[in-house]
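As a plain string of letters, each chain reads:
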Amino acid sequence: MEENEQSARGLHFVGKKDELIEAKRSFRSIEDRDILIIYHQGVFYAMDSYCYHAGGMLNNGDIEVIYLPFVHKQEINGKLCIICPKHKYKLTLAKGECLYKGNNPKEKPPVPRWYSKGVKQRTHTVTENNGEIYVKLSDNPNWIESDYYQGEKGKIERAKA
Ligand code: FES
């Protein structure tokens with residue numbers, strides 16, 4: 001793909017595939033936005049690098065699968081999450097949903113299970129072309145809470161923490 005074509009499509013070269021696989025976690029600044037690129041179990045993900053909750057750095061977060069409430073008594077709805085090192089919030093790698101543990105009062109006795117708060121962390125699209133990896137920034141026009149820590153106020157707040 002020609003360089004002009006890439007930029008016309010909003011694709012930003014972020015590195016060679018082999019290097020990003022080896023690094024597993026890579027930090028890049030794209031158009032003034034700080035992005036974390038994650039390679040996990042054969043798949044690349046990209047998301048805002050500061051946690052929406054209080055600006056925690058996600059790059060050292062562990063990754064685990066969390067199962068949302070069962071469907072027909074089978075826990076099949078597993079989602080890969082990065083766990084923010086700061087206060088342990090769980091964010092799905094694919095969509096940036098924040099998952100939390102709660103009880104359904106209709107269940108007797110209530111058993112704590114995982115639920116979604118919705119999308120809180122902005123995620124971006126990763127593509128590969130001839131061993132090169134590109135990130136396209138999310139073009140969702142709606143405010144997503146992690147946007148705060150990419151702006152001026154959020155950056156100042158993060159620096160103070
Ligand atoms: Fe990430 Fe609080 S800053 S959980």
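Definitions and limits used
- The residue count restarts for each chain, going from 1 along the sequence in the order it is written.
- Only residues with pLDDT of 70 or above have their local features reported here, since the model is predicted, and side-chain atom pairs are shown and tallied only from 80 upward, although totals for entire chains, interfaces and linings are computed over all residues.
- Excluded from the side-chain calculations are hydrogens and water; all other atoms, namely the structure's heavy atoms, are used.
- A run of H or I in DSSP becomes a helix once it reaches four residues, and a run of E becomes a strand once it reaches two; helices and strands are each numbered from the N terminus.
- In this scheme, a residue with accessible area under 20% of its type's maximum is buried, one over 50% is exposed, and one in between is partly exposed, where area comes from a 1.4 Å probe on protein chains only.
- Between two residues, a contact is recorded if the distance between any of their heavy atoms is within 4.5 Å.
- Each reported salt bridge corresponds to a side-chain nitrogen of Lys or Arg within 4 Å of a carboxyl oxygen of Asp or Glu.

## Considering unusual backbone geometry
With the exception of glycine, most residues fall at negative phi, and the peptide bonds are largely trans.
In step 1: The residue after K108, namely P109, is reached through a cis peptide bond having omega -10°.
In step 2: Mapped onto the elements of the fold, P109 is located in the loop between β8 (97-102) and β9 (113-119).
In step 3: The backbone phi angle of E31 is positive, close to 45°, even though this residue is not glycine.
In step 4: Located in the positive-phi region is K88, a residue other than glycine, with phi close to 70°.

## Remarks on the environment of S26
In step 1: Along the chain, S26 falls in strand β2 (residues 25-30).
In step 2: With relative accessibility at 5%, the residue S26 sits in the buried group.
In step 3: Spatially, the C-alpha atoms of S26 and F44 are 11 Å apart, while their sequence positions differ by 18 residues.
In step 4: Non-local contacts of S26, meaning those with residues more than four positions away in its chain, are made with L20, I35, L36 and I37.

## Re the pattern of salt bridges
In step 1: Applying the stated criterion across every chain, the model contains 9 salt bridges.
In step 2: Ionic pairing is found between E128 and K17, a salt bridge with its closest N-O pair at 3.3 Å. Residue E128 is located in strand β10 (residues 123-129), and its partner K17 is located in helix α2 (residues 17-23); the two are separated by 111 residues in the primary sequence.
In step 3: Relative accessible area serves as the criterion here: at 44%, E128 is assigned to the partly exposed category.
In step 4: Residue classification places K17 among the partly exposed positions, given a relative accessible area of 27%.
In step 5: A single network of salt bridges, built from pairs that share partners, joins R33, D48, R122 and D147.

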